[in-house]
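Okay, here's what each chain looks like letter by letter:
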Amino acid sequence: MIIHIATPELVVLETKSCEQSGENVRQGMVRSVLEEGGLEQWSSIEIEEYTYRDAQLLFAAPIKIFIPSFLAALLN
């Protein structure tokens, strides 16, 4: 695994296709990158995956929920 970017808003890493299988494995890889970088863990993760031959490029970002202002007022 090669880590290209690790920030609080984005993780980009490159892996071999055979290194991972399944959503839980990919999320675990992202969580380990965040931990290794001393970054806060994300409660939920969105991952986009691009494959070329035997390599994969993963773009991961935290999922943020947008609450319109009128709904936020109701929650308060």
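Residues numbered from 1 in each chain as written. Predicted model: local features only at pLDDT ≥ 70, side-chain atom pairs only at ≥ 80, totals over all residues. Heavy atoms only, no water.

> Would you explain the overall build of the protein in this entry?
Helix and strand content of the protein: 2 helices and 4 strands. When each of the 76 residues of the protein is scored for burial, the buried share is 22%. Sequence separation of 24 or more characterises 43% of the internal contacts of the protein that already satisfy a separation of 6 or more. Approximately 5,400 Å² of the protein is accessible, and the part contributed by carbon and sulfur atoms is 58%. (Helix = DSSP H or I, 4+ residues; strand = E, 2+ residues; numbered from the N terminus. Buried < 20%, exposed > 50% of the residue type's maximum accessible area, 1.4 Å probe, protein only. Contact = heavy atoms within 4.5 Å. Areas by Shrake-Rupley, 256 points an atom, 1.4 Å probe, with all protein chains shown as cover.)

> Got a minute to help me understand the packing of aromatic side chains in this structure?
The way to describe two aromatic rings as a pair is by their centre distance and the angle between their planes. In total, this model carries 1 aromatic pair according to the counting rule given. Judged by centre distance (5.8 Å) and plane angle (90 degrees), the ring pair of Y50 and F59 falls under edge-to-face. Judged by relative accessible area, F59 falls into the partly exposed class, the value being 31%. (Phe/Tyr/Trp six-rings, centres within 6.5 Å; stacked < 30°, edge-to-face > 60°.)

> Can you walk me through the confidence of the model for the protein in this structure?
Any residue range with low pLDDT should be treated as having predicted coordinates unsuitable for detailed reading. Taken over all residues, the pLDDT of the protein has a mean of 86, while the share at 70 or more is 88%. Of all secondary-structure elements in the protein, the lowest mean pLDDT belongs to helix α2 (residues 69-75), at 71, while strand β1 (residues 2-6) reaches the highest, 94. (pLDDT = per-residue confidence, 0-100.)

> Which parts of the structure should I look at to understand the nonpolar core?
Soluble globular proteins tend to bury their nonpolar side chains together. Counting 11 residues, the largest nonpolar core consists of V11, L13, M29, V30, V33, L34, W42, I45, I47, L58 and A60. Sorting the residues of this core by element identifies β2 (11-16), α1 (23-36), β3 (45-52) and β4 (55-62) as the ones contributing at least two each. Sort the elements by how many residues they give to this core and α1 lands first, with 4 residues. Sequence-distant contacts of I45, that is, excluding residues within four places in its chain, are made with Q27, V30, R31, A60, A61 and I63. (Core = buried A, V, L, I, M, F, W, Y, C linked by side-chain atoms within 4.5 Å.)

> Even after reading the chapter, I still don't get the environment of M29, so can you show me in this structure?
With respect to the helices, strands and loops of the structure, M29 is situated in helix α1. Owing to a relative accessible area of 11%, M29 belongs among the buried residues under this scheme. A sequence separation of 16 residues divides M29 from L13, and the C-alpha atoms of the two residues are 9.0 Å apart.

> Could you clarify how one ought to interpret the sheet that holds β2 in this entry?
Across the sheet, 4 strands lie side by side as β1-β2-β4-β3; this open sheet has antiparallel pairing. Looking along the sheet, the strands with just one partner apiece sit at the ends: β1 and β3. The average angle at which neighbouring strand axes cross in this sheet is 20 degrees, direction not considered. In the packing of α1 onto the sheet, contacts are made with β1, β2, β3 and β4, and the angle to β3 comes to roughly 110 degrees. (Pairing = 2+ DSSP bridges. Axes fitted to C-alpha atoms, helices over the stretch in contact; angles between N-to-C directions.)

> Mind showing me how you'd approach the environment of S17 here?
Along the chain, the position of S17 falls in the loop between β2 and α1. Given the relative accessible area of 25%, S17 is considered partly exposed. As a C-alpha pair, S17 and R53 span 36 residues in sequence and 8.2 Å in three-dimensional space. Beyond its immediate sequence surroundings of up to four residues, S17 is in contact with T51, R53, D54, A55 and Q56.

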